[in-house]
Amino acid sequence: MQEPVSSDSAFEPEATRRASDVTESARANRGWWDRNADEYQVEHGTFLGDDRFVWGPEGLDEVEAELLGPPEELKGRDVLEIGAGAAQCARWLAAQGARPVALDISHRQLQHALRIGGTFPLVCADAGALPFADGSFDLACSAYGALPFVADPVRVLTEVRRVLRPGGRFVFSVTHPIRWAFPDEPGPEGLSVSASYFDRTPYVEQDEDGRAVYVEHHRTLGDRVRDVVASGFRLVDLVEPEWPAWNTSEWGGWSPLRGNLIPGTAIFVCVRD
């Protein structure tokens, strides 16, 4: 689970757990990422780099993971990055000779992609309604993009499958579901279970009128697997990156202390048959 902090000083959002549907979740998160994109890129831009492909706070790099395949096989491939942010992953893919398209729901995040630069297309759209024809891409990827924030993950997965060609691969990373049972704290206080792992009630931050300004949705590990299967994908791998010794940084509730004891990221490798 992320640890969002609003950049709007007019109010302090109230954190709660309550239902939030597809429309409210999309509206809230589009607004949150537009408001907080600048702060996010300042805080995490150095770790992410301008043209690295990092799967999560642990620092697992696609260069070593090769979850999309060997880098030499990416050349000439059409690749869709979903929840691209400043398009760091798409920029790395372009450097390998791929033809990436970077998609994000946040216009401000994509402005940071423009600031950094690149020759590939940037698309501002909802992952649940991809503006592409069937079979447009060979590969798709999403590093902590879209899936943690949508109320209907099967809808997104089904859309991704639709725009992939037969044999296409979709790899996505999300907060490891077990983290929802623990406080989102990097220190020792984040090592004691404080909530039910099986409570799927969304985490919502809302304004003084009760309107959601940030929403994150919890799925158990089993839920994620069933979502992948229900959308027509075949799950071929589930990666739980270990915390490497070189990574001494903290990112919200992710830290060396917690990372050495409990998983923080889950990466799903899916194939469209």
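Please refer to the structure placed before this passage.
S.K.: So what exactly am I meant to see when it comes to the sheet that holds strand β8 (residues 212–216) here?
M.R.: Consider a sheet: its strands pair through backbone hydrogen bonds, and that pairing is either parallel or antiparallel. Taken together, three strands build an open sheet; the order of strands is β1-β7-β8 and the sheet is antiparallel. Both edges of this open sheet fall to β1 (14–17) and β8, since each of them pairs with a single strand only. Neighbour-to-neighbour, the strand axes of the sheet open up by a mean angle of 20°, direction not taken into account. As defined by bridge partners, strand β7 (residues 203–206) adjoins β8 across four bridges and the pair is classed as antiparallel. Note that in β8 the partner of Glu205 across the bridge is Tyr214.

S.K.: Which parts of the structure should I look at to understand the sheet that holds strand β10 (residues 265–271)?
M.R.: Strands sit in the order β4-β3-β2-β5-β6-β10-β9 across an open sheet of seven strands; the sheet is mixed. Each edge of the open sheet carries a strand with a single partner, namely β4 (122–124) and β9 (234–239). Looking at each pair of strands side by side, their axes are set apart by 20° on average, direction ignored. Sheet topology note: the strand β6 (residues 164–175)/β10 ladder contains seven bridges and is antiparallel. By the bridge assignment for β10, Arg169 is matched with Val271. Helix α4 (residues 107–116) contacts β3 (99–104) and β4 of the sheet and is inclined by roughly 170° relative to β4. The strands touched by helix α5 (residues 153–163) are β2 (78–82), β5 (137–143) and β6; relative to β6, the strand with the most contacts, the crossing angle is about 145°.

S.K.: Explain the packing of aromatic side chains to me, please; I cannot follow it from the model alone.
M.R.: When we look at a pair of aromatic rings, we describe it by the centre distance and by the angle of the planes. With the rule as written, the count across this model stands at 16 aromatic pairs. For the ring pair Phe47 and Trp251, a centre distance of 5.5 Å and an interplane angle of 85° mean the geometry is edge-to-face. A residue pair is termed long-range when its members are at least 10 positions apart, and Phe47 in helix α1 (residues 22–48) and Trp251 in the loop between β9 and α7 (256–259) qualify at 204 residues. Ring pairs connect the aromatic residues Trp32, Trp33, Tyr40, Phe47, Phe149, Tyr203, Tyr214 and Trp251, which therefore count as one cluster.

S.K.: What am I meant to see in the pairing of β3 here?
M.R.: Two faces make up the sheet, and in a regular strand the side chains alternate between them. Extensive coverage of β3 is indicated by the burial of five of its six residues. Taken together, the five bridges between β2 and β3 define a ladder with parallel strand orientation. Along β3, the bridge assignment pairs Val79 with Pro100. The handedness of the β2 to β3 crossover, carried by helix α3 (residues 88–95), is right-handed. A crossover connection joins β3 to the parallel β4 through α4; in handedness this β-α-β unit is right-handed.

S.K.: I keep staring at empty space enclosed by the protein and nothing clicks. Help me out?
M.R.: Using a probe with the size of a water molecule, rolled over the atoms, empty space left in the structure can be pinpointed. For the structure shown, the criterion picks out two cavities of 30 Å³ or more. Looking at the largest cavity, its volume works out to about 60 Å³. Counted by class, the lining of the largest cavity contains four nonpolar, three polar and three charged residues.

S.K.: Just checking my understanding: could you explain the pattern of salt bridges for this structure?
M.R.: Any two side chains of opposite charge can pair, given that their charged atoms come close. Applying the stated criterion across every chain, the model contains 15 salt bridges. The closest approach of N and O atoms between Arg17 and Asp199, which form a salt bridge, is 3.9 Å. Separated by 182 residues along the polypeptide, Arg17 in strand β1 and Asp199 in the loop between β6 and β7 bring together distant segments of the chain. Accessibility expressed as a relative area gives 29% for Asp199, which makes it partly exposed. One salt bridge connects Glu159 with Arg162, and the closest N-O pair in it is separated by 2.8 Å. With Glu159 and Arg162 both in helix α5 and three residues apart, the pair spans about one turn of that helix. Look at Arg162 and you get partly exposed, because its relative accessible area is 24%. Each member of the salt-bridge network shares a partner with another, and the members are Asp78, Arg99, Asp138 and Arg165.

Cut-offs and rules
Residues numbered from 1 in each chain as written. Predicted model: local features only at pLDDT ≥ 70, side-chain atom pairs only at ≥ 80, totals over all residues. Heavy atoms only, no water. Pairing = 2+ DSSP bridges. Helix = DSSP H or I, 4+ residues; strand = E, 2+ residues; numbered from the N terminus. Axes fitted to C-alpha atoms, helices over the stretch in contact; angles between N-to-C directions. Contact = heavy atoms within 4.5 Å. Phe/Tyr/Trp six-rings, centres within 6.5 Å; stacked < 30°, edge-to-face > 60°. Buried < 20%, exposed > 50% of the residue type's maximum accessible area, 1.4 Å probe, protein only. Right-handed = clockwise from strand over helix to strand, strands pointing away. 1 Å grid on protein atoms, 1.4 Å probe; cavity = no way out; pocket = protein on both sides within 12 Å on 5 of 7 lines; lining within 4 Å. Points joined across faces, edges and corners; volume = space filled by probe spheres on them. Nonpolar A, V, L, I, M, F, W, Y, C, P; charged D, E, K, R; others polar. Salt bridge = Lys/Arg side-chain N within 4 Å of Asp/Glu carboxyl O.

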